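# Topology and contacts: notes
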Amino acid sequence: MTPLQWPRYLRHLCIILLLSLTLGALIGYPLEVVCIVLAILAIYHVLQLARFEQWLRDEKEQPPPDLHGYLNVLLDKVYYFQRRERKAQATLRNLLKRAQKSANALSDGYLTLDRNDHLEWWNVAAGQMLGLQHPTDVGQPLVQLLRDPDFIRYFHDEEAKKPIRIRNPINDRMHLELELTRYGNSEKLLHIQDITQLIHLEQVRTDFIANVSHELRTPLTVLKGYVEILENFADALPPAMSKGLRTMEDQVHRMQNLIEDLFTLTRLEDASAKAQEVEIDLGKLLKEIAEEARVIARDKGIRVTVAEKACFNLLGDPKQIRSALMNLVSNAVNYTNANGHIQITCEQSQDDNAVTIRDNGIGIDAAHIGRLTERFYRVDPSRSTATGGTGLGLAIVKHVLLRHNARLKITSKLGEGSQFSCLFPAARVIAAPQEAADLSKL
Ligand code: ADP
């Protein structure tokens, strides 16, 4: 580190003053000479400062003026810091340019919003996808440019975890997936992906499965009809053939279930197919389901009970809700041993509105629970096949619940039983009949 310079310049000043005092004493005017010298020094320094100021104001790009004395030391320092800052700025500008260049080369769109949700910056892809104009749209509120109601709901929902899919508001043939990331001081980054191709492929796959299952329905019905006719002559057939006939009947039945489930699943996946939205009397529906379950559970001596407490009413598609709950109940029957117990309950708490199907059956190991709603996932394939299961039941339940903004909660213990709860959001719940009756009394 260079030593401090001010003591040296103070020494110089003292010497000048001393010399002027001596000179003044020699000619008989010591004070006057000192004053004149001080005035000259002051004027000299003001002139130097003026050049310094001028340079600071106008000539930043130029090398500093050639000043003398103490001021020159300060000027050198200022010049050094200035050059260092200029260099840092140039590096930063370069970095920014490179970052923008690479962001513009991306096929996905990116845009940033300031803390007031106004557009700050976007890359070329985002500009093209959303039709943004530079610089007119800088500073515009994003929700005024992207007015899709689903997006606006997603944008304001700080809890939202999954990206949202919408049709592009400026080109409805284009599908977009938008993912918002919050960072820093309430700033936001929006990632925009063109998923038109993906949606098209999903549609092709869904249509294919729907068509195949539809086409297979008729030949299977014919086959089933003939198998049933042949069944009438089973007594006349040799034992090996009548056994084969029974197997054929079982397999035809299985294939019919499989096709029906596949068809249901593809219809549920089809986003364009609108579900019904009516008030469902859940209490009544649960009683009907319990009745049906008792019929299939009779042979195994399984008891099916449904809670007497009044249940809430639900806004949704009655057919879909019935099919989901029936799937859960028939699973409970299939995976509960003889003389078991199945309970159907309806519970409402501050956080949840739940319909729960509880059994004391074989239970499920924790390792399988996360995968149960995958298509064709079975814990024990042989047992599932033996019960006539298609491996699609819980996938159907999951999709029905998704369509109703609800979720499935599974808890189970191997050997002790399972509990499947359908948790519905408050927005889907209509006052329970009991509450409604109470209100009408007021
Ligand atoms: P499946 O038609 O095979 O029953 P599901 O999708 O309905 O297909 O169920 C997937 C798997 O989850 C089943 O194969 C079974 O292993 C397990 N499972 C479903 N419900 C229960 C239950 N109540 N108790 C025990 N295991 C169950």
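Figured I'd write up the structure that's included with this text. In this text, all values refer to a predicted model and were calculated from it rather than measured experimentally.

### As for the overall build of the protein
Secondary structure assignment for the protein yields 14 helices and 13 strands. Its C-alpha radius of gyration of 41 Å places the protein more than 25% over the 22 Å reference for a compact globule of 442 residues. Taken along its principal axes, the extent of the C-alpha atoms in the protein is 155 × 50 × 45 Å. Counting across all 442 residues of the protein, residues that qualify as buried make up 33%. Sequence separation of 24 or more characterises 58% of the internal contacts of the protein that already satisfy a separation of 6 or more. Total accessible area on the protein stands at roughly 28,100 Å², and carbon and sulfur atoms take up 58% of it. Positive and negative side-chain charges of the protein, numbering 53 and 54 respectively, have mean locations separated by a distance of 5 Å.

### What about the site of the ligand?
Contacts to the ligand come from 19 residues, most closely from Asn 331, Tyr 335, Ser 384, Gly 391 and Leu 394. Here an oxygen atom of the ligand and a side-chain polar atom of Asn 331 are 2.8 Å apart. Residue Leu 394 places a main-chain N or O atom 2.8 Å away from an oxygen atom belonging to the ligand. Here the ligand, which alone exposes 530 Å², has 97% of that area covered by the protein. When residues of the shell around the ligand are traced back to their parent elements, those giving at least two are α10 (318-334), α13 (393-403) and β12 (417-424). Considering only residue class, the shell around the ligand consists of nine nonpolar, eight polar and two charged.

### Remarks on α10
Across its 17 residues, α10 extends 24 Å between first and last C-alpha, which sits within 8% of the 24 Å expected from 1.5 Å per residue. Taken as a whole, α10 has its buried residues at Gln 320, Ile 321, Ala 324, Leu 325, Met 326, Asn 327, Leu 328, Val 329, Ser 330, Ala 332 and Val 333. Its side-chain oxygen at 3.0 Å from the backbone nitrogen of Lys 319, Asp 317 defines the N-terminal cap of α10.

### Some details on the state of the cysteines
This structure, assessed with the given rule, holds one disulfide. Through a disulfide, Cys 311 is tied to Cys 346; the S-S separation comes to 1.9 Å. Across the S-S bond linking Cys 311 and Cys 346, the dihedral sits near 70 degrees, which makes this disulfide right-handed. Taken as a pair, Cys 311 in the loop between β7 (303-306) and β8 (313-316) and Cys 346 in strand β9 (residues 341-348) lie far apart in primary sequence, 35 residues in all. On the basis of relative accessible area, Cys 311 is assigned to the buried category, the value being 4%. With relative accessibility at 7%, the residue Cys 346 sits in the buried group. For the unlinked cysteine Cys 14, the closest cysteine sulfur is that of Cys 35, found at 16 Å. Accessibility expressed as a relative area gives 43% for Cys 14, which makes it partly exposed.

### Quick look at unusual backbone geometry
Cis geometry is found at the peptide bond from His 134 to Pro 135, where omega equals 0 degrees. Checked against the element boundaries, Pro 135 lands in the loop between α4 (124-130) and α5 (142-145). The backbone phi angle of Ser 186 is positive, close to 65 degrees, even though this residue is not glycine. Relative to the assigned elements, Ser 186 resides in the loop between β4 (171-183) and β5 (187-194). A residue is classified by how much of its surface remains accessible, and Ser 186, at 39% relative accessible area, is partly exposed. Positive phi outside glycine occurs at Asn 405, with the angle close to 55 degrees. As for its placement among the helices and strands, Asn 405 is situated in the loop between α13 and β11 (407-413).

### Comments concerning the nonpolar core
Counting 47 residues, the largest nonpolar core has Leu 282, Phe 312, Ile 321, Leu 325 and Phe 424 as its most contacted members. Considering every element that reaches this core, the biggest residue donor is α10, with eight residues. With near-sequence residues (within four places) excluded, Phe 424 lies in contact with Phe 312, Leu 314, Ile 321, Asn 353, Val 355, Leu 401 and Ala 406. Listed in part, the 22 residues of the second largest apolar core include Ala 126, Tyr 154, Phe 155 and Leu 176.

### Examining the side chain of Ser 418
Note on placement: Ser 418 falls in strand β12. Classification of Ser 418 as buried rests on a relative accessible area of 6%. Side-chain polar atoms of Ser 418 contact the side chain of Ser 412, separated by 2.9 Å.

### Side note on the packing of aromatic side chains
As enumerated under the stated definition, the model contains six aromatic pairs in all. Chaining the aromatic ring pairs together yields one cluster made of Phe 52, Trp 55 and Tyr 79. Over the face of the ring belonging to Phe 263 we find Arg 217, whose NZ or CZ atom lies 4.4 Å from the ring centre.

### Description of the pairing of β11
Every second residue of β11 is oriented toward a common face, the buried set being Leu 408, Ile 410 and Ser 412 and the non-buried set Arg 407, Lys 409, Thr 411 and Lys 413. Of the strand pairs in this sheet, β11 and β12 are connected by seven bridges, and their pairing is antiparallel. Bridge pairing in β12 places Ser 412 opposite Ser 418. Here β11 hands over to β12 after three residues, with Gly 415 in that stretch at a positive phi of 85 degrees.

### Details of the environment of Ala 160
Within the element layout of this structure, Ala 160 appears in the loop between α6 (149-156) and β3 (164-168). By relative accessible area, which is 29% here, Ala 160 ends up partly exposed. For the pair Ala 160 and Glu 308, spaced 148 residues apart in sequence, the C-alpha to C-alpha distance is 36 Å.

### Notes on the pairing of β4
Of the strand pairs in this sheet, β3 and β4 are connected by five bridges, and their pairing is antiparallel. Bridge pairing links Asn 168 to Asn 171 in β4. Pairing of β4 with β5 involves eight bridges; the strand directions are antiparallel. Across the sheet, residue Thr 181 finds its bridge partner in β5, namely Leu 189. In this structure, the hairpin formed by β4 and β5 is closed by a connection of three residues, where Gly 184 is found at a positive phi of approximately 50 degrees.

Rules used throughout
Residues numbered from 1 in each chain as written. Predicted model: local features only at pLDDT ≥ 70, side-chain atom pairs only at ≥ 80, totals over all residues. Heavy atoms only, no water. Helix = DSSP H or I, 4+ residues; strand = E, 2+ residues; numbered from the N terminus. Rg over C-alpha atoms; globule rule 2.2 N^0.38 Å. Buried < 20%, exposed > 50% of the residue type's maximum accessible area, 1.4 Å probe, protein only. Contact = heavy atoms within 4.5 Å. Areas by Shrake-Rupley, 256 points an atom, 1.4 Å probe, with all protein chains shown as cover. Lys, Arg positive; Asp, Glu negative; His and termini not counted. Charge placed at Lys NZ, Arg CZ, Asp CG, Glu CD. Near = heavy atom within 4 Å. Polar contact = N/O pair within 3.5 Å; in protein donor to acceptor, adjacent residues only side chain to side chain. Nonpolar A, V, L, I, M, F, W, Y, C, P; charged D, E, K, R; others polar. Expected span 1.5 Å × (residues − 1). Disulfide = S-S within 2.5 Å. Core = buried A, V, L, I, M, F, W, Y, C linked by side-chain atoms within 4.5 Å. Phe/Tyr/Trp six-rings, centres within 6.5 Å; stacked < 30°, edge-to-face > 60°. Lys NZ or Arg CZ within 6 Å of the ring centre and 35° of its normal. Pairing = 2+ DSSP bridges.

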